[in-house]
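# Reading the structure
Here's the letter readout for the chains.
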Amino acid sequence: MKKVILSSILLLGTTSIFAETTMCFKENASMSTIEKTPLDGGICNGKLSVNDMKAKGWSVEDIKISQSSTGMNFIYILKNGVTVSAPTQSSQFVGNQAQMEANILAKLEAKKEAEEKAKVEKELKDAAVIAKELYTNKCQTCHGANGEKSAYNTARPLKDLSVEDMQESIKNYKVGKVDSMNANIMAPYANFVDYKEIKGIHAYLQSINK
Ligand code: HEC
């Protein structure tokens, strides 16, 4: 019994010395040219294509293809070195492969998130530029150049409001839900702005109060 365990441990050791696995990937690539396209990650490192890797003695163990909004994403698992047909070897390989796949997928996901975040930030920035004119012409006499004034001493300074608070107040003026003494002063202006403009005004006030 003891002997068997010892020999499989030895085998595991030999395998990890001679067999090498790498994972390379490419985002937004095309099926027809992928084999000639330099891949990112692993030993490919932005320089070597599948064909280059094959020429260097690597073989393709597995390919994962997924559809993204802008094209196809390819993940290649490539292997170099001896093939040992022992169960320990293959299960160890599967373990590594799953780990590497998870790492790459996490990386792709993080990249996508960062791109989406940058897009939202840019949209807000653009909205703030448009909102600047609106705010200076229609709101600042009562609310202050930086949104710091309490209009007629009843409004909260706009610069301190979250975008949700602002939307909520504007909506209430629009539907006549506010019955404060000065609500009739603000109501016509509330009717004048929409949800998107409020978002822009909020972004503008945040940008000048940083
Ligand atoms: C003529 C003065 C005047 C102008 C111009 C004006 N407001 Fe107001 N605003 C007020 C007053 C007064 C109040 C508080 C009314 C009350 O007591 O309910 C108020 C309240 C608000 C509130 C709610 C604040 C809170 O405490 O919840 C928001 C948001 C707001 N205004 C946004 C705007 C925006 C955006 C513009 C430009 C499109 C604008 N206002 C233009 C006078 C003005």
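Residues numbered from 1 in each chain as written. Predicted model: local features only at pLDDT ≥ 70, side-chain atom pairs only at ≥ 80, totals over all residues. Heavy atoms only, no water.

### Things to note about a nonpolar patch on the surface
Heads up, the rule is: To count toward a patch, a residue needs a relative accessible area over 30% and no salt bridge; like charges are then connected within 9 Å, while nonpolar side chains (Val, Leu, Ile, Met, Phe, Trp, Tyr) are connected within 5 Å. Each accessible area is a Shrake-Rupley estimate made with a 1.4 Å probe; only the visible protein chains count as cover when residues are assessed. By salt bridge we mean one thing: a side-chain nitrogen of Lys or Arg within 4 Å of a carboxyl oxygen of Asp or Glu. Segments assigned H or I by DSSP are reported as helices when at least four residues long, segments assigned E as strands when at least two residues long, and all are numbered from the N terminus.
Taken together, the side chains of Met31, Ile63 and Ile65 present a nonpolar region at the surface, about 270 Å² in accessible area. Tracing the backbone through its elements, the reader meets Ile63 in strand 2 (residues 59-68).

### Observations concerning the packing of helix 5 (residues 163-174) against helix 6 (residues 183-192)
When two helices pack together, their arrangement is given by the angle between the helix axes and the distance between those axes. Condition: Axis geometry follows a simple rule: fit a line to the C-alpha atoms, using only the stretch in contact for helices, then measure angles between N-to-C directions, giving values from 0 to 180 degrees. Oblique is the label for every angle not falling under 35 degrees (roughly parallel), over 145 degrees (roughly antiparallel), or within 65 to 115 degrees (roughly perpendicular). The criterion used for residue contact is that any of the two residues' heavy atoms lie within 4.5 Å. Polarity classes work like this: nonpolar for Ala, Val, Leu, Ile, Met, Phe, Trp, Tyr, Cys and Pro, charged for Asp, Glu, Lys and Arg, and polar for all others, with Gly in that last group.
Where helix 5 contacts helix 6, the two axes come as close as 8 Å, and the packing angle between them is 105°. Between helix 5 and helix 6, the crossing angle belongs to the class labelled roughly perpendicular. Residues Ile170, Tyr173 and Lys174 of helix 5 form the contact with helix 6, whose own contacting residues are Ala183, Met186, Ala187, Ala190 and Asn191. For the contact of helix 5 with helix 6, the per-class residue count stands at six nonpolar, one polar and one charged.

### Considerations on the state of the cysteines
Spelled out, the test is: The term disulfide is used for any two cysteine sulfur atoms that are within 2.5 Å. A simple rule labels every residue: compare its accessible area, found with a 1.4 Å probe on the protein chains alone, to the largest value its type can have, and call it buried under 20%, exposed over 50%, or partly exposed in between.
On inspection of all chains with the given rule, the structure shows one disulfide. Cys24 shares a disulfide with Cys44; S-S distance 2.0 Å. A torsion of 85° about the S-S bond marks the disulfide between Cys24 and Cys44 as right-handed. Taken as a pair, Cys24 in strand 1 (residues 20-29) and Cys44 in the loop between strand 1 and helix 2 (50-55) lie far apart in primary sequence, 20 residues in all. The pair formed by Cys24 and Cys44 is uniform in burial state, with each residue classed as buried.

### Considering the layout of surface pockets
It is a probe the size of a water molecule, rolled over the atoms, that shows where empty space is left. How we decide: Every definition here rests on a 1 Å grid over the protein atoms only: cavities are sets of points where a 1.4 Å probe fits but cannot get out, pockets are open sets enclosed by protein on both sides within 12 Å along at least five of seven lines, and lining residues have some atom within 4 Å of a point. Grid points are joined across faces, edges and corners, and a volume is the space filled by probe spheres set on the points.
One number sums up the size of the largest pocket: a volume of about 590 Å³. What lines the largest pocket is a set of 30 residues, among which His143, Ala155, Leu158, Tyr173 and Met186 lie closest to the centre. Counting only elements with at least two residues in the lining of the largest pocket, the list comes to helix 3 (87-138), helix 4 (140-143), helix 5, helix 6 and helix 7 (195-208). Residue composition of the lining of the largest pocket, grouped by class: 21 nonpolar, seven polar and two charged. Taken together, 19 residues make up the lining of the second largest pocket; nearest its centre are Glu27, Ser68, Asn73, Leu108 and Lys112.

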